[in-house]
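Now for the letters of each chain:
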Amino acid sequence: VVNMSSLVSQPDAEKMVTAVAIQIASHVAPLWNWLPSEMQLFPSIGEVPDDWQIITIHDDAETSGYGGYHLDSTVALGKVFARDSASVSRTLSHEVIEILGDPAINGWHDGPTLSDGSQYADELCDPIQHHGYEITIPDGSKVMVSNFVLPAWFDQTNLHGTKYDYLGVLQKPF
């Protein structure tokens, strides 16, 4: 993560990175059977190792209304926009989880047929993106992170009573 924003202080960015790292290691990775990924706040893009995925924090989006997004390039790239984010830390968490879940942004699942098709992107936070929860970091600060779907959400044969997201908000898959 590289903080390029004048609206987010470096100490606040460090707290966000710490919280998201705890979330990935303690909540996301175990539930998705992933190995936890290392996260670090770098002072500049030039200091990020070549094989690392990069997320940058900016003041403003290129297009108004986007709190963040991720795209595929030679390495996964995510951007978070402080002014357009309801919660910068929750948006950072959202983008990190989605990059880890589908770094090439090419994963799809079959789901119920709607007017625009039956293919659903492997977006682990979009279905529940307005929900978050707090992580307490070692200094005692509480930092908001994004809720995320569980593998059961992508299985339309799952029966009721299954947990579809970390907070248990969703009642059915898709």
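Residues numbered from 1 in each chain as written. Predicted model: local features only at pLDDT ≥ 70, side-chain atom pairs only at ≥ 80, totals over all residues. Heavy atoms only, no water.

### Considering the packing of aromatic side chains
As a reminder, the rule being used: Whether two aromatic rings pair depends on their centres lying within 6.5 Å, for rings of Phe, Tyr and Trp, where Trp uses its six-membered ring; planes under 30 degrees apart make the pair stacked, over 60 edge-to-face, and the rest tilted. Secondary structure elements follow DSSP: runs of H or I of four or more residues count as helices, runs of E of two or more count as strands, with numbering from the N terminus. With a 1.4 Å probe rolled over the protein chains alone, any residue whose accessible area is under 20% of its type maximum counts as buried; one over 50% counts as exposed, and the rest are partly exposed.
According to the stated counting rule, one finds six aromatic pairs in the structure shown. Considering the side-chain rings of Trp32 and Phe154, the 6.3 Å spacing of their centres and the 65° angle between planes classify their relative orientation as edge-to-face. Here Trp32, found in helix α1 (residues 10-32), pairs with Phe154, found in the segment after β8 (142-146); they are 122 residues apart in sequence, far enough to count as distant. Relative accessible area serves as the criterion here: at 7%, Phe154 is assigned to the buried category. Considering the side-chain rings of Phe42 and Trp52, the 5.4 Å spacing of their centres and the 85° angle between planes classify their relative orientation as edge-to-face. Separated by ten residues along the polypeptide, Phe42 in the loop between α1 and β2 (54-58) and Trp52 in the loop between α1 and β2 bring together distant segments of the chain. Members of the aromatic cluster, each reached through a chain of ring pairs, are Trp32, Trp34, Trp153 and Phe154.

### Points about the pairing of strand β7 (residues 132-136)
This is how the line gets drawn: Two strands pair if DSSP finds at least two bridges between them.
On β7, burial follows the alternation: Tyr133 and Ile135 on one face are buried, whereas Gly132, Glu134 and Thr136 on the facing-out side are not. The turn joining β7 and β8, which pair antiparallel and follow one another in sequence, is formed by five residues; a positive phi near 95° is taken by Gly140.

### A word on helix α2 (residues 88-101)
Spelled out, the test is: Expected helix span is computed as 1.5 Å times (number of residues minus one).
In this model, α2 (14 residues) spans 20 Å end to end at C-alpha, consistent with the 20 Å of a helix rising 1.5 Å per residue. Taking burial as the measure, the 14 residues of α2 include twelve buried ones, the bulk of the element. Three or more residues of α2 are buried, namely Val88, Ser89, Arg90, Thr91, Leu92, Ser93, His94, Glu95, Val96, Ile97, Glu98 and Ile99.

### What about the nonpolar core?
The cut-off we apply is this: Among buried residues, those of type Ala, Val, Leu, Ile, Met, Phe, Trp, Tyr and Cys that are joined through side-chain atoms within 4.5 Å constitute a nonpolar core. In what follows, residue pairs with any heavy atoms lying within 4.5 Å of each other are defined as contacts.
One finds Val1, Leu92 and Phe148 to be the most contacted residues of the largest nonpolar core, which totals 36 residues. It is α1 that contributes the most residues to this core, eight residues altogether. Other than its neighbours up to four places away in sequence, Leu92 contacts Val1, Met16, Val17, Val20, Ile55 and Val80.

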